Amino acid sequence: AARGGFHPIPLNIINAGNTSNPKLSAVVLSTPFTIITTFGKPDLLEYDFPSNETIELNPIHPQAKTRLTGSASGNNVVVIIVESLSTEYVKSLNGLEVGYAPFVDSLVAHSTVFKNGFANGHRSIEGIAAIAASIPTLMYEPYSTSRYAGNRINSLANVLNEEGYFTSFLHGGNKNSMNFESFSGQAGYEVFYDRDDYPFPDEHYDGIWGISDHYMLNHAVDLYSEYKKPFFSTIFTLSSHHPYTIPEEYQNRFPKGTLPIHESIGYTDQALREFFAKASKTDWYDNTLFVITADHTSLSEHAQFQTKLGSLRIPIILFQPTDSLLLGVKSQVIQQIDIMPTVLDLLGYHKPYFSFGVNAFDSTASHTAIAFKHDQHQLYRDETLVCFDGENTNFVFDVTADALLQGNLAKDENFNFSENEMYLKGFIKGYSRALNQNRMTVESWSKQKE
């Protein structure tokens, strides 16, 4: 009874999002349940650094318009999150002359691709909140299972709902795998679709995680063809997750590589090829903005992808079949939490919203990558990586001169990193305040700031 039943995953705060309206979460939750589920979990300290030591965070958007603002106005949006798709596996982006995702490589010539893309964490549940709602996890507990999971938030789903979009989250996994269903409810997705909803839940089951990728992606095209337009959908693949199960008819068709994950990346890449081939024959394809990215990185064999920074590198690809402006490989830094504001800008969304990220095409914004790793808040900005434990800056690296991060410059008086330290302190301060005070919407942030 205490864990909510006999299902594999016990109830948590975010399950309140399964109610008909996420705004009712506070009513659904009881004080004893909240206390029990958060007992023993580490809190996020509310940092209050002096103003003269910080560059203050401004999470209210939009800001400056760009030449691409509104270029995808009225488009459907499909965000494809590929399990464990590290940049290391993509030949056109990794600088290694070897890769395991030839279809993803083929999209590069027809897309805007950010070769310096970064995840905001190392777990799927962290990636979802970052991508769909621009919320990084800068604490020990993933945001979606933390005491803050019941906070009111902005997300691509609830923002686009208000603009008349039909919204869905598709994942072929088992019921509420990794709390995805609960998060989708809290984020405002109208429909969550999992293995139980799939028409052949047993025939196409991989025996571990859920429906194999090529089946689920093929079915997604059929679902999208039935959806009311415009629609916004997030689809999360699963076959490139350990133990890397590949359907029998696809085995031994892809390079084995040198790591256990490589063959499964080839399989998922083929599933994506089939998805786009089928989608291209529909009447909604030409009017759709596709975002292809990863939840996090995975197994690595090259030193440059094993550092504090390199271990977060993921591809972020924007593809619109008929948009000649959305082309080119970009070298600027972009992170998962930037996807939401970037998509909203391309759609021409002009109302204010709350986001920890920035529009990737905004030349006036500071383009950074932030994460919480090994007890340190880390910030990559202006070719410098700064690692701060809440009290002291312990590691500083000049990424241009030291790609493998072997020379710590934290004590080097000749290397100036004070502005980056101030930016990181300001971000942590704003982040901790927003979560602890439930100020993660335009109304709540603006009202209490006044």
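Just so it is clear, the structure is predicted and the values come from calculations on it, not from any experiment.

### What about the pattern of salt bridges?
1) Next: As enumerated under the stated definition, the model contains 14 salt bridges in all.
2) Next: Residues Glu-181 and Lys-175 are paired through a salt bridge, measuring 3.6 Å at the closest nitrogen-oxygen approach.
3) Next: Its salt-bridge partner being Asp-194, residue Lys-175 comes within 3.9 Å of it at the nearest N-O pair. Of this pair, Lys-175 sits in the loop between strand 4 (166-171) and helix 7 (180-187) while Asp-194 sits in the loop between strand 5 (191-193) and helix 8 (213-226), placing them 19 residues apart in sequence.

### Quick word on the environment of Arg-313
1) Next: Mapped onto the secondary structure, Arg-313 falls in the loop between strand 7 (288-294) and strand 8 (316-319).
2) Next: Spatially, the C-alpha atom of Arg-313 lies 6.3 Å from that of Ala-119, the residues being 194 residues apart in sequence.
3) Next: Beyond its immediate chain neighbours, meaning those up to four positions away, Arg-313 contacts Ser-86, Thr-87, Leu-93, Lys-115, Asn-116, Gly-117, Phe-118, Thr-297 and Phe-305.

### Looking at helix 10 (residues 339-346)
1) Next: For helix 10, the tally of buried residues reaches eight of eight residues, placing the bulk of the element in the interior.
2) Next: Looking at the residues trailing helix 10, positive phi occurs at Gly-348, about 80°.

### Thoughts on the packing of aromatic side chains
1) Next: Within the structure shown, the criterion is met by 32 aromatic pairs.
2) Next: Look at Tyr-224 and Trp-284: their rings are 5.7 Å apart centre to centre, the planes differ by 85°, and that puts the pair in the edge-to-face class. Of this pair, Tyr-224 sits in helix 8 while Trp-284 sits in the loop between helix 9 (262-279) and strand 7, and the two are 60 residues apart along the sequence.
3) Next: Taken together through their ring pairs, the aromatic side chains of Phe-103, Phe-275, Phe-276, Tyr-285, Phe-290 and Phe-319 make up a single cluster.
4) Next: One residue, Lys-308, lies across the ring of Phe-395, its end atom 4.6 Å from the ring centre.
5) Next: The ring of Phe-49 carries the charged tip of Lys-425 above its face, separated from the ring centre by 5.5 Å.

### Some thoughts on the nonpolar core
1) Next: In terms of nonpolar packing, the biggest core is built from 121 residues, with Tyr-224, Phe-276, Phe-356 and Leu-435 touching the most fellow members.
2) Next: Of the residues forming this core, the biggest block, seven residues, is contributed by helix 11 (residues 418-436).
3) Next: When sequence neighbours within four positions are dropped, the list of residues in contact with Phe-356 reads Leu-57, Ser-134, Ile-135, Pro-136, Ile-337, Phe-427, Tyr-431, Ala-434, Leu-435 and Met-440.
4) Next: Of all hydrophobic cores here, the second largest spans 12 residues; its members include Val-333, Ala-369, Leu-385 and Cys-387.

### Things to note about helix 5 (residues 124-133)
1) Next: When you tally the buried positions in helix 5, you get 10 out of 10 residues, the bulk of the element.
2) Next: Listed as buried for helix 5 are Ser-124, Ile-125, Glu-126, Gly-127, Ile-128, Ala-129, Ala-130, Ile-131, Ala-132 and Ala-133.
3) Next: One or two residues past the end of helix 5 sits Ser-134, with phi positive at roughly 55°.

### A closer look at the side chain of Asp-323
1) Next: Take Asp-323: it is sitting in the loop between strand 8 and strand 9 (328-335).
2) Next: The charged side chain of Asp-323 is buried without a salt bridge, its nearest counter-charge being Arg-67 at 7.5 Å.
3) Next: There is a polar contact of 2.8 Å between the side chain of Asp-323 and the backbone nitrogen of Leu-325.
4) Next: At a separation of 3.5 Å, a polar atom in the side chain of Asp-323 contacts the main-chain amide nitrogen of Leu-326.

### A short note on the sheet that holds strand 3 (residues 112-118)
1) Next: Reading across the sheet, the eight strands line up as 5-4-6-2-7-8-3-9 and stay open at both edges, with mixed pairing between neighbours. Lying at the two open borders of the sheet, with one neighbouring strand each, are strand 5 and strand 9. Taken pair by pair, the neighbouring strands of this sheet meet at an average axis angle of 15°, ignoring direction.
2) Next: Here strand 7 pairs with strand 8 via three bridges, running antiparallel. Of the residues in strand 8, the one forming a bridge with Phe-290 is Phe-319.

### Structural notes on the pairing of strand 12 (residues 376-381)
In regular strands, side chains alternate between the two faces of the sheet.
1) Next: Among the six residues that make up strand 12, six are buried, leaving the element largely enclosed by the rest of the structure.
2) Next: The pairing of strand 11 (residues 369-373) with strand 12 spans five bridges and is classified as antiparallel. Bridge assignment links Ala-369 to a residue of strand 12, and that residue is Tyr-380.
3) Next: Where strand 11 folds back onto strand 12 in an antiparallel hairpin, the turn is made up of two residues, including His-374, whose phi is positive at roughly 50°.
4) Next: As defined by bridge partners, strand 12 adjoins strand 13 (residues 384-388) across five bridges and the pair is classed as antiparallel. Paired with Leu-379 across the strands is Val-386, a residue of strand 13.
5) Next: Linking strand 12 to strand 13, which pair antiparallel, is a turn of two residues; within it Asp-382 sits at a positive phi near 50°.

### Focus on the sheet that holds strand 11
1) Next: With antiparallel pairing, the four strands of this open sheet are ordered in space as 11-12-13-14. The outermost strands of the open sheet, each flanked by one partner alone, are strand 11 and strand 14 (393-398). Strand after strand, the sheet turns through a mean of 15° between neighbouring axes, direction not considered.
2) Next: Across the face of the sheet, helix 11 comes into contact with strand 11, strand 12, strand 13 and strand 14 while running at roughly 125° to strand 12.

### Remarks on unusual backbone geometry
1) Next: Between His-61 and the following residue, Pro-62, the backbone shows a cis peptide bond with an omega angle of 5°.
2) Next: Relative to the helices and strands, Pro-62 resides in the loop between strand 1 (60-61) and strand 2 (76-82).
3) Next: Cis geometry is adopted by the peptide bond preceding Pro-230, which originates at Lys-229 and carries an omega value of -5°.
4) Next: Tracing the sequence through the fold places Pro-230 in the loop between helix 8 and strand 6 (231-236).
5) Next: Despite not being glycine, Glu-383 shows a phi value in the positive range, around 65°.

### Points about the confidence of the model for the protein chain
1) Next: Per-residue confidence for the protein chain gives a mean pLDDT of 92; residues scoring 70 or more make up 90%.
2) Next: Considering only residues more than four positions removed or in separate chains, one finds that residues 11-19, a stretch of pLDDT under 50, has 39 contacts.
3) Next: Residue range residues 22-39 is modelled with pLDDT below 50. Its contacts to residues more than four positions away, or to other chains, number 23 contacts.

Cut-off values and rules
Residues numbered from 1 in each chain as written. Predicted model: local features only at pLDDT ≥ 70, side-chain atom pairs only at ≥ 80, totals over all residues. Heavy atoms only, no water. Salt bridge = Lys/Arg side-chain N within 4 Å of Asp/Glu carboxyl O. Helix = DSSP H or I, 4+ residues; strand = E, 2+ residues; numbered from the N terminus. Contact = heavy atoms within 4.5 Å. Buried < 20%, exposed > 50% of the residue type's maximum accessible area, 1.4 Å probe, protein only. Phe/Tyr/Trp six-rings, centres within 6.5 Å; stacked < 30°, edge-to-face > 60°. Lys NZ or Arg CZ within 6 Å of the ring centre and 35° of its normal. Core = buried A, V, L, I, M, F, W, Y, C linked by side-chain atoms within 4.5 Å. Lys, Arg positive; Asp, Glu negative; His and termini not counted. Polar contact = N/O pair within 3.5 Å; in protein donor to acceptor, adjacent residues only side chain to side chain. Pairing = 2+ DSSP bridges. Axes fitted to C-alpha atoms, helices over the stretch in contact; angles between N-to-C directions. pLDDT = per-residue confidence, 0-100.

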